[in-house]
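# Coordinates in review
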Amino acid sequence: MDFAEIKHKQFSFVYITTKDCNVCKVLQPQLREMAQKYSKADFELIELDDHPAAAGEFMAFAVPTFIVYSDGKELLRASRNLDLYDIETKLYKYYKMIFD
């Protein structure tokens, strides 16, 4: 998995989890559905069990961690206690700034 490529996409959602995180299992479909509202966004699921180096690369030391990148810049980060309404509100603003 090319972490640099993920960060440098035009608009990418990165969801970092582990296989045994039950909260992550509940939130992942909701965040994936949210990502589908943004036609130019990519959704990347990274399981730390399979890619342990991702924790350091993305500075993700709690799960779940949700990060949004645009052209190499981090726009949004939420870890552990994710407020989906707050995330959706911020995503909409960033997406409109970039693509409108």
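The rules behind the values
Residues numbered from 1 in each chain as written. Predicted model: local features only at pLDDT ≥ 70, side-chain atom pairs only at ≥ 80, totals over all residues. Heavy atoms only, no water. Helix = DSSP H or I, 4+ residues; strand = E, 2+ residues; numbered from the N terminus. Expected span 1.5 Å × (residues − 1). Bend = angle between axes of the 7 residues up to and from the residue. Buried < 20%, exposed > 50% of the residue type's maximum accessible area, 1.4 Å probe, protein only. Contact = heavy atoms within 4.5 Å. Polar contact = N/O pair within 3.5 Å; in protein donor to acceptor, adjacent residues only side chain to side chain. Salt bridge = Lys/Arg side-chain N within 4 Å of Asp/Glu carboxyl O. Pairing = 2+ DSSP bridges.

Here we take up helix α2 (residues 22-36). Three or four residues apart is the spacing at which side chains of an α-helix point the same way, because the helix has 3.6 residues per turn. Helix length check: α2, at 15 residues, gives a terminal C-alpha distance of 22 Å against a target of 21 Å (1.5 Å per residue), a fit within 8%. The sharpest bend along α2 measures roughly 30 degrees and falls at Gln28, with the proline Pro29 sitting one to four residues further on. Within the sequence span of α2, burial applies to Cys24, Leu27, Gln28, Leu31, Met34 and Ala35. Buried positions along α2 lie against β1 (12-17), β2 (42-47), β3 (65-70) and α4 (84-99).

Between its terminal C-alpha atoms α4 stretches 22 Å, which fits the 22 Å expected from 16 residues at 1.5 Å a residue. For α4, the N-terminal cap is Asp83; the gap from its side-chain oxygen to the backbone nitrogen of Tyr85 is 3.1 Å.

The subject of this paragraph is the pattern of salt bridges. Under the defined criterion, the tally for this structure stands at eight salt bridges. The partner of Asp86 in a salt bridge is Lys90, with the nearest N and O atoms 3.2 Å apart. With a gap of four residues between them, Asp86 and Lys90 both fall in helix α4, about one helical turn apart. By relative accessible area, which is 32% here, Asp86 ends up partly exposed. Given the relative accessible area of 33%, Lys90 is considered partly exposed. Three or more residues are tied together by salt bridges with common partners; here these are Lys9, Asp42 and Glu44.

Most of β3 sits inside the fold, with six of its six residues counted as buried. Bridge count between β1 and β3: five bridges; the pairing is antiparallel. In the strand pairing of β3, Ser12 is matched with Tyr69. In terms of strand pairing, β3 meets strand β4 (residues 73-79) through six bridges, oriented antiparallel. Bridging across to β4, Ile67 finds its partner in Arg77. Where β3 hands over to β4, the hairpin turn is made up of two residues, of which Asp71 adopts a positive phi near 50 degrees.

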